[in-house]
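Structural overview for review
The primary structure of each chain is shown beneath.
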Amino acid sequence: MFQVLKFGGTSMGSAKAIQQVADIVKEKSKQQTVLLVVSAMSGTTDQLLNCGTLASTGNEEYKTILKQIETRHLDTVKELIPVQQQSSVLSLVKKYCNEIEDICNGIFLLGECSARTKDKLVSYGELLSSQIIHAAFSHNGVLSVWKDSREVIQTNSNFGNAAVNFFVTNNFINEFVQQQSANIIVFPGFVASDEHKVTTTLGRGGSDYTAAILAAAVDAVSVEIWTDVSGMMTADPRWVPNAKIIPSISYQEAMELSHFGAKVIYPPTIQPVLNKNIPIWIKNTFAPADNGTIIKKSESVHYPPLGDGGIITGISSISSLALLSLEGSGMVGIPGFSSRLFAALANAQVNVILITQGSSEHSICVGVDAANAEKAKKAVDKAFEFEIASDKVEPLKIESELSIVALVGDQMRHHTGVSGRMFAALGRNGVNIRAIAQGSTERNISAVVASTDVRKAVNVLHEEFFETVKKQINLFIVGTGNVGKRLLAQLKQQLSFLEENLHLQVNIAGLSNSRKMLLNENGIDINSWEDALQNGEVANLKNFVQSIIQKNLRNSVFVDVTANGAIAEVYASLLEKSIAVVACNKVAASSAYSNYKKLKKLSAEFNAPFLFETNVGAGLPVIGTLNDLMRSGDVVRSMQAVLSGTLNFVFNNYDGTRLFADVVKQAQEEGYTEPDPRLDLSGTDVMRKILILAREAGVTMEMEEIKCNGFLPESCMQGSVDDFYEAMKKEEAHFKKLYEDAKAAGCKLKFVASYSYSPSGDGGAEVGLQHIPPQYDLYHLYGKDNVVLFYTDRYKEQPMVIKGAGAGAEVTASGVFADIMRTAP
């Protein structure tokens, strides 16, 4: 019985790693004969290719790299093998390195490096590594045999990616293996030879293929591919931190995933073993006890429950893609265009990765490696030269800087709606799809997206289809004053709850105030954000917003906890990129109606929530309730409201025994006012709030249309905030009279906002100080309370009443927090 083991990558990266490989192989060989395939030491193949390129361009720097290769391999031998047993191995390494140098010197003199020469050059990486590990076995008392793969694997002469002659190869392998008594036979991976004994290679990653060829030839019990990861994963863990190991996967699924960029296994590896039903294990050299992934027949694959991603097995991607589009009215109903297109591409040695065609037959689109796009265009334009000249077909169009993201899973064919979920999830996150392809097996759904969006797309789809993995929102918070600090404190308090109960991770990816800003897509530590922000870079709103857009993180939310007009101006650029906006800032929603409508339209168009519940009533559910009424078909006929917690606090606490200015000062110190209290006391803030409510009720209205019956003397509106307080002290008699007049009438002073709808146009909005008698709802408001009364078609006699604390940093922060939660996927 035979077992084939292949080691590569960082498994062959150092003497220590090679010794670990030797230990694993030694243990396995106690059970059955091991055919061991090894790749070059990590990075060596790239170095050899670089040497060939440098030498062909006359750059003598290749000699420095050759010296590095030689030194590394000699040092590995010295570290791996006892001194007294090193000489023969060192001599062999030196011999190979001299041959490499001779080849490079020849390339240097000729000024060219053919594909044949390149194959000969890169073959030395595997020859060196396999001889070193063979020597390590021998000098540790383990019997092993080394066999040059070029003597048993025969291919054609397609240098760089040779095709195997399996009939001849299988005979060679079996003939050799049957003659051996050793339990370990070492083969260099990647290399082969043609019928003339000229060195060829099996393509980058071909050592996996070597292992599969050997396994199929000897009917091995299994193939084990040992890497630096514990199996195939649901997505690239470098992009998706929550990616999971796939315990078992079918041959077909593995081929799909590897074709679409999963780097763990070389795509052609699976075909030789599939026909003989030989399982492939993906194992971790540095964690040999981990189960890994088994690749086998689909009938024996155990799929996880649907909630654990059972529909989808994995998500993969290919970068550096170009879309080639052939279009023209002359294509409609005319057979042969597709075959001519593919023939032209095949003759130009251009591999087609993806194909899609509309039913109109007006166009056909294919995806190819971006590096081959121009070559493809020349070939296709030449093939259709006549049709282009006669305007039946347009010259081939190229779209570059694209990538493919693919969902793979055998179980997709048994479930409806998978593609709908895929496209909806991408759409919600602003990922535009340029082309779509799905095979009739329904094992794969592929979408072409911009390369700038591919990482986000993979993360979005992983969240959508692997539901037990916690979802994540990425917050970019602007404003760390009273409300901002309390928001961060509330987030800190709730992080564990959200993760445990809602499976939601809140990642604070950016913070900014008027002085400093800080960005970290991996998350800012909420326990030390103040110190981190203090040590951040100088605040720059333009750069902060640009960084948010460039990072392009999934489920991004911009949170504005300021009253800054400049910040409100960036909302549009964020919404256009499908970045949600949560605004405590009232400037945007109360700006010109055209701007308000633009933001609402962008929100709808790009599936990016634009939420501003705290614009009216702080944490009270005023706007949300109004939206529910409108969405359910109700019509708002009128509204009455006390919308300023500040003014309510002031008039509830002013009784003439203290200066009016002192009561206002107290309100400011307790966090109830805007930074400039005149915005509250002048009625401007209330005007903004009733304007926002009217607009949310479906009314086209501008700020200038609202009548304001103010109570502040003109003198109080001049100068700075300090001047404002001094002016109020001088106007104390005015404020006292307002209070006494209301008291004499048995009323309380309330600053009331009202809106009424009239088909004749007599309606409108106004704000102002009013005497409220005890029998009215607005009379019984205390402290910083707000109240809103909605009179609608359904609430005619008894209005819908929303009442509660309408000011204060804590409740405002909680309202912002609630809006953030509404953006969560």
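Everything in this summary refers to the structure shown in the same document. Everything quoted here is computed from the prediction, not taken from an experiment.

1. Quick notes on the pattern of salt bridges
Tallied over the entire structure, the rule returns 33 salt bridges. In this structure, K551 and E521 form a salt bridge, with 3.8 Å as the shortest nitrogen-oxygen distance. Remark: E521 occurs in the loop between β19 (516-519) and α16 (529-534) and K551 occurs in helix α17 (residues 541-551); sequence separation between them is 30 residues. Judged by its relative accessible area of 27%, K551 falls in the partly exposed class. A single network of salt bridges, built from pairs that share partners, joins E327, E394 and K397.

2. Regarding the sheet that holds strand β22 (residues 580-583)
In any sheet, the strands associate via hydrogen bonds between backbone groups, in a parallel or an antiparallel arrangement. Within the open sheet, the seven strands sit side by side as β20-β19-β18-β17-β21-β22-β23. Their pairing is mixed. The open sheet terminates on both sides in strands that have one partner only, identified here as β20 (537-538) and β23 (610-611). The sheet contact formed by strand β18 (residues 504-512) and β19 spans three bridges and is antiparallel. Counterpart to L511 in the pairing with β19 is L518. Packed onto the sheet, α17 meets β17 (471-478), β18, β19 and β21 (556-560) and runs at close to 5 degrees relative to β19.

3. Here we look at the packing of aromatic side chains
Applying the stated criterion across every chain yields a total of 17 aromatic pairs. Here F711 and F735 contribute two aromatic rings whose centre-to-centre distance is 6.5 Å and whose plane-to-plane angle is 75 degrees, an arrangement assigned as edge-to-face. Placement of the pair is F711 in the loop between β25 (707-709) and α26 (721-730) and F735 in helix α27 (residues 732-744), with a sequence separation of 24 residues. Judged on exposure class, the residue F711 and its partner F735 are both buried. Through successive ring pairs, a cluster of aromatic residues spans F651, Y654, F660, F711, F735, Y739 and F751. For the cation-ring pair, K748 lies above Y779, with the distance from its terminal atom to the ring centre recorded as 4.6 Å.

4. Concerning unusual backbone geometry
What you tend to see is this: most non-glycine residues have negative phi, and most peptide bonds are trans. With a phi angle near 55 degrees, N277 is a residue other than glycine that sits in the positive phi range. Its location among the elements puts N277 in the loop between α9 (270-274) and β9 (280-284).

5. Some points on the environment of D785
For D785, the position within the fold is in strand β28 (residues 785-792). Here the alpha-carbon distance between D785 and G420, two residues 365 residues apart in the chain, equals 46 Å. Among residues more than four places away in sequence, those in contact with D785 are V642, G645, N648, K803, G804, A805 and G806.

6. Some details on the sheet that holds strand β11 (residues 314-327)
The six strands lie next to each other as β12-β13-β11-β14-β16-β15, forming an open sheet whose pairing is antiparallel. If you trace the sheet from one side to the other, it starts and ends with β12 (352-357) and β15 (433-438), each paired once. Taking the axes of each pair of neighbouring strands and ignoring which way they run, one obtains an average angle of 30 degrees across the sheet. Here seven bridges tie β11 to strand β13 (residues 363-369), and the two strands are oriented antiparallel to one another. Note on β13: the bridge partner recorded for A322 is V368. Running over the sheet, helix α10 (residues 337-347) touches β11, β12 and β13 and is turned about 20 degrees from β13. Its contacts with the sheet place helix α14 (residues 454-465) against β11, β14 (397-408) and β16 (444-450), and it is angled at close to 20 degrees to β14.

7. Let's talk about the packing of helix α21 (residues 622-631) against helix α25 (residues 684-696)
Running from amino to carboxyl end, α21 crosses α25 at an angle of 20 degrees, the nearest separation of the two axes being 10 Å. Judged by the angle between their axes, α21 and α25 are roughly parallel. Both α21 and α25 take part in a crossing whose hand is right-handed. Touching V622, I623, L626, N627 and M630 of α21 are I692, L693 and E696, all from α25. Looking at side-chain class alone, the contact of α21 with α25 contains six nonpolar, one polar and one charged residues.

8. So, the pairing of β16
β16 sits mainly inside the fold: six of its seven residues count as buried. Relative to β16, β14 runs antiparallel, the two being bridged by seven bridges. Following the sheet pairing, S403 is matched in β16 by V449. Sheet topology places β15 next to β16; five bridges connect them, and they run antiparallel.

9. Regarding α27
Given a rise of 1.5 Å per residue, 13 residues ought to cover 18 Å, and the 18 Å separating the end C-alpha atoms of α27 matches this to within 8%. Within the sequence span of α27, burial applies to E732, F735 and A742. All buried residues of α27 lie within an arc of 105 degrees about the axis, which places them on one face of the element. For α27, exposure combined with an orientation more than 90 degrees from the buried face picks out A733, K737 and A744. Where α27 is buried, its residues contact α23 (660-669), α26, β26 (748-756) and β27 (764-772). Of the residues trailing α27, G746 is marked for its positive phi of about 70 degrees.

10. As for the packing of helix α6 (residues 166-178) against helix α7 (residues 206-218)
Put simply, α6 and α7 touch, their axes get as near as 9 Å, and they point 75 degrees apart. As judged from the angle between their axes, α6 and α7 are roughly perpendicular. Counted together, F166, T169, N170, I173, N174 and V177 of α6 and Y209, I213, L214, A217 and V218 of α7 form the full contact between these two elements. Broken down by class, the residue content of the contact of α6 with α7 amounts to eight nonpolar, three polar and no charged.

11. Digging into the side chain of S129
Within the secondary structure, S129 sits in helix α5 (residues 115-138). A distance of 3.2 Å separates a polar side-chain atom of S129 from the backbone oxygen of E126. Look past the residues within four positions of S129 in its chain and what remains in contact with it is M12, V38, S39, A40 and M41.

12. Re the nonpolar core
Counting 83 residues, the largest nonpolar core has F558, Y571, F660 and M728 as the members making the most contacts within it. If one sorts the elements of this core by residue count, α25 sits on top with seven residues. Setting aside its immediate chain neighbours within four residues, F660 contacts V650, F651, Y654, L681, F711, M728, E732 and F735. In this structure, A55, Y96, I103 and W226 belong to the second largest nonpolar core, which totals 50 residues.

13. Quick look at helix α22 (residues 645-653)
The buried fraction of α22 is high, at seven of nine residues. Within the span of α22, buried status applies to G645, T646, L647, N648, F649, V650 and F651.

What counts and how
Residues numbered from 1 in each chain as written. Predicted model: local features only at pLDDT ≥ 70, side-chain atom pairs only at ≥ 80, totals over all residues. Heavy atoms only, no water. Salt bridge = Lys/Arg side-chain N within 4 Å of Asp/Glu carboxyl O. Helix = DSSP H or I, 4+ residues; strand = E, 2+ residues; numbered from the N terminus. Buried < 20%, exposed > 50% of the residue type's maximum accessible area, 1.4 Å probe, protein only. Pairing = 2+ DSSP bridges. Contact = heavy atoms within 4.5 Å. Axes fitted to C-alpha atoms, helices over the stretch in contact; angles between N-to-C directions. Phe/Tyr/Trp six-rings, centres within 6.5 Å; stacked < 30°, edge-to-face > 60°. Lys NZ or Arg CZ within 6 Å of the ring centre and 35° of its normal. Parallel < 35°, antiparallel > 145°, perpendicular 65-115°, else oblique. Left-handed = near helix turned anticlockwise from the far one by under 90°. Nonpolar A, V, L, I, M, F, W, Y, C, P; charged D, E, K, R; others polar. Expected span 1.5 Å × (residues − 1). Arc of directions from axis to C-beta. Polar contact = N/O pair within 3.5 Å; in protein donor to acceptor, adjacent residues only side chain to side chain. Core = buried A, V, L, I, M, F, W, Y, C linked by side-chain atoms within 4.5 Å.

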